[in-house]
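Per-entry structural report
Now for the letters of each chain:
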Amino acid sequence: MDFELSDELIAVRDLAREFAEKEIAPTAAKDDKEKNFRADLVKKMGELGFYGTMIPETYGGNDLGFLAMVLSTEEIARVHSAMRVAINMQIGPAITILQFGTEEQKKKFIPGLVSSDTIACFAITEPDAGSDVAALRTTATKDGDNYLLNGSKIWISNAPVTNGGLIYAYTDRSQKHRGMSAFYADWDGPGLTRKPLEMLGARCSPIGEMIFDNFRIPAANRLGKEGDGFKICMWQLNQTRLNCAAGALGVARAAKEAALSYCNQRVQFGQKIGEFQMNQDLIAQMIAHEEAARLLIYRAAWLADQKKPNNLETSIGKYSAAEAANFAADAAMKILGAYGYSTEFPVERYYRDAKSYQIVEGSSNIQKIIIAQDALGYRKANR
Ligand code: GRA
């Protein structure tokens, strides 16, 4: 067992840290308040290679691996959690096409995702299908060389700004989840209406509804066969969950750092508040939860890099990191008091952003179901 990061991985981590501190941090509070979509920063992250870590050079990537993605994502999220969503939006479609696409599809779509010339998205969730992916209702009906898409997707990250991405829809509803298919689509044709939505956190990551009325997707853009969609979706979520897990880790770390700094500076009752054991209790727990989550996520990413099964390990890591982020944000707010609750300081942003990690990419309850049912022998996670 080797706990050392390679020089290459350290370089990626440091690059992301420097970029986050120099380019994201100065306007993070303002961007959050004004809900700015920072297309310029999204583009720069592409130039730095953050969207190409799991993609071979042939398709524009750098092939540094899942661990590199995890390390860079944590650094970005530590400074501004909403900015890490951009990484997930680009890598999700890119690795899914890499895994399931034809050579032609890979050449055509992946480079634009890696460079972020395509501002991407993946559209799974619907008004009546959140945790229960198989319940989605959007249909894709074959019409000559195209599919006609009808239905609506909700809570789709990047919906207001995306120009291309993945969508999951039923080609044959009578087959239940075996009738779902996956597509890559450019969103420039007629038949798509977008509606932005407001959320508690991740405010400069635009989110919204996508409503399809006979929206045309070339049949050549289908990934895999008709009916492969559900498994493709489950596969994709297992990869992108690692990005969310790393994002949660970044928030946990940011909240801990704010708490530590405040404890060492704030004086009450004649001493620094770090001297109080109740605050030490919170700090110790924050650190233990964060460190445990980090090791679990590194293990899952390492397994992914070894091309070994890792669904279970990813769910354990994602669950742990989401809970660690929420514990840390809550603890930081207790320690900072009004300075935490105030919108003039960043802890309230960590608190709002942390919540998203108990919801996105499989809620904490879904992760617990995956973990427990695997242990009980009801449903193997690694399949
Ligand atoms: O027997 P079979 O041949 O029909 O196959 C079954 C099973 O083997 C079938 O699917 C297969 N399967 C898998 N195959 C490969 C299931 N899981 C996997 C897998 N991991 N790999 C049906 O299986 P099932 O177990 O009966 O499915 P289910 O009960 O309908 O659903 C399972 C589950 C609850 C885990 C699933 O629906 C799920 O993951 N739900 C969570 C949905 C989710 O994560 N949504 C995320 C939305 S996107 C998002 O949040 C964007 C965030 C952006 C950001 O912030 O970055």
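We now turn to the structure provided with this report.

Here the focus is the site of the ligand. What surrounds the ligand is a group of 25 residues, the closest being Asn 88, His 177, Glu 361, Gly 362 and Arg 379. Glu 361 places a polar main-chain atom, nitrogen or oxygen, 2.7 Å from an oxygen atom of the ligand. A distance of 2.7 Å separates an oxygen atom of the ligand from a polar atom in the side chain of Arg 379. Look at the ligand: alone it shows 1100 Å² of surface, and the protein chains cover 79% of it. Of all the secondary-structure elements, those providing two or more residues to the shell around the ligand are helix 5 (81–100), helix 7 (229–263) and helix 12 (364–376). Looking at the shell around the ligand, the element that brings in the most residues is helix 7, giving six residues. Among the residues forming the shell around the ligand, the class breakdown is 10 nonpolar, eight polar and seven charged.

The grouping of Met 1, Phe 3 and Leu 295 at the surface amounts to a nonpolar patch, some 450 Å² of accessible area in total. Checked against the element boundaries, Met 1 lands in the segment before helix 1 (7–24).

Here we come to the packing of helix 1 against helix 4 (residues 66–79). In the contact formed by helix 1 and helix 4, the axes pass within 8 Å of each other and the chain directions differ by 20°. Classified by the angle between their axes, helix 1 and helix 4 sit roughly parallel to one another. In this structure, the crossing between helix 1 and helix 4 has a hand that is right-handed. Of the residues in helix 4, those touching helix 1 at Leu 9, Val 12, Arg 13, Ala 16, Arg 17, Phe 19, Ala 20, Glu 21 and Ile 24 are Leu 67, Ala 68, Leu 71, Ser 72, Glu 75, Ile 76, Arg 78 and Val 79. Considering only residue class, the contact of helix 1 with helix 4 consists of 11 nonpolar, one polar and five charged.

With that settled, consider the packing of aromatic side chains. Scanning the entire structure with this criterion turns up 10 aromatic pairs. Seen from their ring centres, Trp 187 and Phe 215 are 5.7 Å apart, and the 45° between their planes marks the pair as tilted. With Trp 187 in the loop between strand 5 (180–186) and strand 6 (192–196) and Phe 215 in strand 7 (residues 207–218), this residue pair connects regions lying 28 residues apart in the sequence. For the pair Trp 187 and Phe 215, a shared accessibility class is recorded, and that class is buried.

A few words now on the side chain of Gln 236. When you line up the elements, Gln 236 lands in helix 7. Given a relative accessible area of 0%, Gln 236 falls into the buried group. Beyond its immediate stretch of four places on either side in the chain, Gln 236 contacts Gly 92, Thr 96, Phe 122, Leu 166 and Tyr 168.

Taken together, the side chains of Arg 178, Lys 231, Arg 379 and Arg 383 present a region of like positive charge at the surface. You can call Arg 178 exposed: its relative accessible area is 61%.

Take the pattern of salt bridges next. Applying the stated criterion to the full structure yields 27 salt bridges. A salt bridge links Arg 253 to Glu 74; its shortest N-O distance comes to 2.6 Å. Of this pair, Arg 253 sits in helix 7 while Glu 74 sits in helix 4, and the two are 179 residues apart along the sequence. Residue Glu 74 is classed as buried on the basis of its relative accessible area of 2%. Asp 128 is paired through a salt bridge with Arg 137; the nearest N and O atoms lie 3.3 Å apart.

Further remarks concern helix 4. The terminal C-alpha atoms of helix 4 lie 20 Å apart, and with 14 residues this matches the ideal 20 Å at 1.5 Å per residue to within 8%. For helix 4, the tally of buried residues reaches 14 of 14 residues, placing the bulk of the element in the interior.

The biggest cluster of nonpolar side chains holds 96 residues, and the ones touching the most others in it are Met 45, Ile 76, Tyr 168 and Ile 335. The element best represented in this core is helix 7, accounting for 18 residues. Discounting residues that sit within four places of it in the chain, Met 45 has contacts with Phe 19, Phe 50, Tyr 51, Ile 76, Met 83, Ala 86 and Ile 87. Tyr 147, Ala 159, Phe 183 and Phe 215 belong to the second largest nonpolar core, which has 18 residues in total.

Relative to the elements of secondary structure, Lys 256 occurs in helix 7. Given a relative accessible area of 14%, Lys 256 falls into the buried group. A polar atom in the side chain of Lys 256 sits 3.2 Å from the side chain of Glu 290. Aside from chain neighbours lying at most four places away, what touches Lys 256 is Met 286, Ile 287 and Glu 290.

A word on unusual backbone geometry. Negative phi values dominate among residues other than glycine, just as trans dominates among peptide bonds. Residues other than glycine seldom take positive phi values, yet Lys 35 does so here, at roughly 55°. As for its position among the elements, Lys 35 is in the loop between helix 2 (28–34) and helix 3 (39–47). A positive phi angle is found at Asn 214, which is not glycine, with a value near 50°. Positionally, Asn 214 belongs in strand 7. Overall, the relative accessible area of 42% leaves Asn 214 in the partly exposed class.

Reading the values: rules and limits
Residues numbered from 1 in each chain as written. Predicted model: local features only at pLDDT ≥ 70, side-chain atom pairs only at ≥ 80, totals over all residues. Heavy atoms only, no water. Near = heavy atom within 4 Å. Polar contact = N/O pair within 3.5 Å; in protein donor to acceptor, adjacent residues only side chain to side chain. Areas by Shrake-Rupley, 256 points an atom, 1.4 Å probe, with all protein chains shown as cover. Helix = DSSP H or I, 4+ residues; strand = E, 2+ residues; numbered from the N terminus. Nonpolar A, V, L, I, M, F, W, Y, C, P; charged D, E, K, R; others polar. Patch = residues over 30% accessible without salt bridge, like charges linked within 9 Å, V, L, I, M, F, W, Y side chains within 5 Å. Salt bridge = Lys/Arg side-chain N within 4 Å of Asp/Glu carboxyl O. Axes fitted to C-alpha atoms, helices over the stretch in contact; angles between N-to-C directions. Parallel < 35°, antiparallel > 145°, perpendicular 65-115°, else oblique. Left-handed = near helix turned anticlockwise from the far one by under 90°. Contact = heavy atoms within 4.5 Å. Phe/Tyr/Trp six-rings, centres within 6.5 Å; stacked < 30°, edge-to-face > 60°. Buried < 20%, exposed > 50% of the residue type's maximum accessible area, 1.4 Å probe, protein only. Lys, Arg positive; Asp, Glu negative; His and termini not counted. Charge placed at Lys NZ, Arg CZ, Asp CG, Glu CD. Expected span 1.5 Å × (residues − 1). Core = buried A, V, L, I, M, F, W, Y, C linked by side-chain atoms within 4.5 Å.

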